[in-house]
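Each chain, written out:
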Amino acid sequence: MIKTLMSKPEQHILKSRSSIWQTDHILCKHDTIRRCLILFFNLLILTLIVGFSLRQEINETRSYVQANLNQIKESTDSLAYRNKRYAKTATKAIANFDNRYQKLHVLADIHYYPKLKEFGFNRGIYPNNLFNGSLVGPGFPNQLIQKDTHLFAVLDELWAEQQTHPIVYNYYYVSHALKYFYLSSKLPSDQFNTTKEFFSTDLYRNQRSTSQPLNELQKGMYYTYPYLDFFSKEMVVTIKSPVYKNNKIVGDIGVDIPVKSLIKSITLPPKLKSSLNFYLYDSNTEQKFEIYNGYSNYLLPSIPVHTSLNKHTLIFADISPWFFVSFAIKIMMLSILLLITLNYMNVILKRHKFQKQRYQLEAYTDLLTGLFNRRVMDSIVKDIVTENNKNAQSTAIIVFDANDFKIINDTYGHDIGDLALKHISSTINDMTRDSDVCIRLGGDEFCIVLPSADLEQALLMADRLELAIFSGYFCHYNIKVSISTGCTVIEANENLHDALVRADQILYKNKENKAENKKALQQQLKNYIFKSPPNFPKNE
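Note that this is a predicted model, so its numbers are computed, not measured.

Quick notes on the rules
- Residues numbered from 1 in each chain as written.
- Predicted model: local features only at pLDDT ≥ 70, side-chain atom pairs only at ≥ 80, totals over all residues.
- Heavy atoms only, no water.
- Helix = DSSP H or I, 4+ residues; strand = E, 2+ residues; numbered from the N terminus.
- Rg over C-alpha atoms; globule rule 2.2 N^0.38 Å.
- Buried < 20%, exposed > 50% of the residue type's maximum accessible area, 1.4 Å probe, protein only.
- Contact = heavy atoms within 4.5 Å.
- Areas by Shrake-Rupley, 256 points an atom, 1.4 Å probe, with all protein chains shown as cover.
- Lys, Arg positive; Asp, Glu negative; His and termini not counted.
- Charge placed at Lys NZ, Arg CZ, Asp CG, Glu CD.
- Pairing = 2+ DSSP bridges.
- Axes fitted to C-alpha atoms, helices over the stretch in contact; angles between N-to-C directions.
- Parallel < 35°, antiparallel > 145°, perpendicular 65-115°, else oblique.
- Nonpolar A, V, L, I, M, F, W, Y, C, P; charged D, E, K, R; others polar.
- Salt bridge = Lys/Arg side-chain N within 4 Å of Asp/Glu carboxyl O.
- pLDDT = per-residue confidence, 0-100.

Draft legend 1. Region of interest: the overall build of the protein chain. A tally of regular secondary structure across the protein chain gives 15 helices and 17 strands. The C-alpha radius of gyration of the protein chain comes to 52 Å, more than 25% above the 24 Å expected for a compact globule of 540 residues. C-alpha atoms of the protein chain, sized along the principal axes, occupy 155 × 50 × 35 Å. Per-residue burial for the protein chain yields a buried fraction of 45% across its 540 residues. For the protein chain, contacts bridging at least 24 residues in sequence account for 65% of all contacts bridging at least 6. Total accessible area on the protein chain is roughly 30,200 Å²; 56% of this is exposed by carbon and sulfur atoms. One finds the centroid of the 62 positive side-chain charges in the protein chain at a distance of 9 Å from the centroid of its 52 negative side-chain charges.

Structure below.
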């Protein structure tokens, strides 16, 4: 803590309206340290605002992307459950056809295509039937396939259900017994060709229902891992459900979902979409399969979001950190503008407060002496007396004026008279406490209010003031000024004006003995070492 260099009026008016920490603390008195603290707190606030906003933006973006990934899962799950229902319907239809086998007639001609070495229909060659799908199989057709044309009609009806689905997909039925595909759409021969070799490949053997564990088959559906489709040459994920005949698997109903089409099931703002990378991850093979690449800058670690497509396949979305860097820069710029505005407003408010305090100080201060003027009687002094009365403490008053002050003015001029008043006021300031209120009532009349002081202390202070003022020189004429005093204590519940009247009465009574008092003061000064009068400039 350091001692402030305020005058007593400033301490009573300014300091009483500011906190002690703001007024006295060394950090506030040191401009460099204070500015560093302001800069530090501004940076701290900026960091908190940007950090909180960035955290909120990351959480909201992650939640938004997570919701879109969940939408993909919901879409694929809806396809899976629908596919399971189709397989159950096909199983019931096959059992029904077996019961009516003799009564069934062929619903469509099955052709052999010599150039393709395939059989089927609706391939752009001999499209003379009403089926919605395409039949494709290697080699010559088996006569048993004719009966399955009734199954194709059931599948057409199932696959023709009204569906609004964002994911691109293709249904098909594959017969393991008769080695053929029935596709849900009419594809020309240059888009889908099968060969005898396909039904002997590892891809076909590993993905058919008979190769799946029993617990998977009991669920009625299963997902394949992402793989390169034999026919379309695209990465796909397939959902399959077994079709039974006499409790044996004779075929599978499946739906192929191209990996790249998964991104089409979600809707993202262009800016966010360009900051995302989507890929599938197969936990069995630990492989990544890219779906969509929105960015390629990997200087900073990405923010991953994922959901399970099935038990062994995860779909990931990596969010580019630069998406949040650009957001943080925008928030930082806005925060800086906000802090500049707030700091500017704070400076204006402080300036306004300082000016208000200065105006108040001027209103309560005597311009010549720097002491309070009599206006403080109804404000500061009144508050001090009320506070002391509340705490059962006494308040003393010393009223005094200069002896023969008119003679000084008439003999030496008003400039010397002003010097005498300044001499009196500076002596008062030096000898009183910070808590004492020193007032120039007007002319050569002064008053000192002593909080928490009794009459004995006031009389002692008055004697010291009389000696100190009389002992000092204040101009080049080597004259001295003496004062007469009147002391009293403000009684409980007494009016301040009444106490001043009583002190004035004591003052004028003591003033009758001013000559004797002056002689007593001169006698006291003889006890001190004699000092020659100081040399003052003549232009004073």
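Draft legend 2. Geometry of the sheet that holds strand 13 (residues 313-319). Reading across the sheet, the four strands line up as 11-10-13-12 and stay open at both edges, with antiparallel pairing between neighbours. The sheet is open, and its two borders are formed by strand 11 (287-293) and strand 12 (303-308), each paired with just one other strand. Taking each pair of neighbouring strands and ignoring which way they run, the sheet shows an average axis angle of 25 degrees. Bridge analysis of strand 10 (residues 276-282) against strand 13 gives seven bridges, and the strand direction is antiparallel. Within the sheet, the bridge partner assigned to Phe278 lies in strand 13 and is Ala317. Packing against the sheet, helix 4 (residues 31-99) makes contact with strand 10, strand 12 and strand 13, and its axis sits at approximately 30 degrees to strand 12.

Draft legend 3. Layout of the sheet that holds strand 15 (residues 437-442). Pairing in this open sheet of four strands is antiparallel, and the strands run 15-16-14-17 from one edge to the other. Edge positions in the open sheet fall to strand 15 and strand 17 (483-490), since each of these has one partner strand only. The mean angle between the axes of side-by-side strands here comes to 20 degrees, regardless of whether they run parallel or antiparallel. Pairing of strand 15 with strand 16 (residues 445-451), which is carried by five bridges, proceeds in the antiparallel orientation.

Draft legend 4. Broad picture of the packing of helix 11 (residues 405-412) against helix 12 (residues 414-431). At a minimum axis separation of 6 Å, helix 11 and helix 12 run at an interaxial angle of 140 degrees. Classified by the angle their axes make, helix 11 and helix 12 are oblique. Together, Phe405, Ile408, Asn409 and Tyr412 of helix 11 and His414, Ile416, Gly417, Ala420 and Leu421 of helix 12 make up the contact between the two elements. Split by residue class, the contact of helix 11 with helix 12 holds six nonpolar, three polar and no charged.

Draft legend 5. Representation of the pattern of salt bridges within the structure. Under the criterion given, the structure shown has eight salt bridges. With a shortest N-O distance of 3.2 Å, Arg440 and Asp366 are connected by a salt bridge. Taken together, the residues Arg440 in strand 15 and Asp366 in the loop between helix 9 (321-364) and helix 10 (380-390) connect sequence positions 74 residues apart. Owing to a relative accessible area of 15%, Asp366 belongs among the buried residues under this scheme. Close ionic contact of Asp401 with Lys511 constitutes a salt bridge, the shortest N to O distance being 2.7 Å.

Draft legend 6. Region of interest: the confidence of the model for the protein chain. On average, residues of the protein chain score 84 in pLDDT, and 91% of them are at 70 or above. Segment residues 17-27 is flagged for pLDDT under 50; beyond a separation of four residues in sequence, or across chains, it makes 23 contacts in the model.

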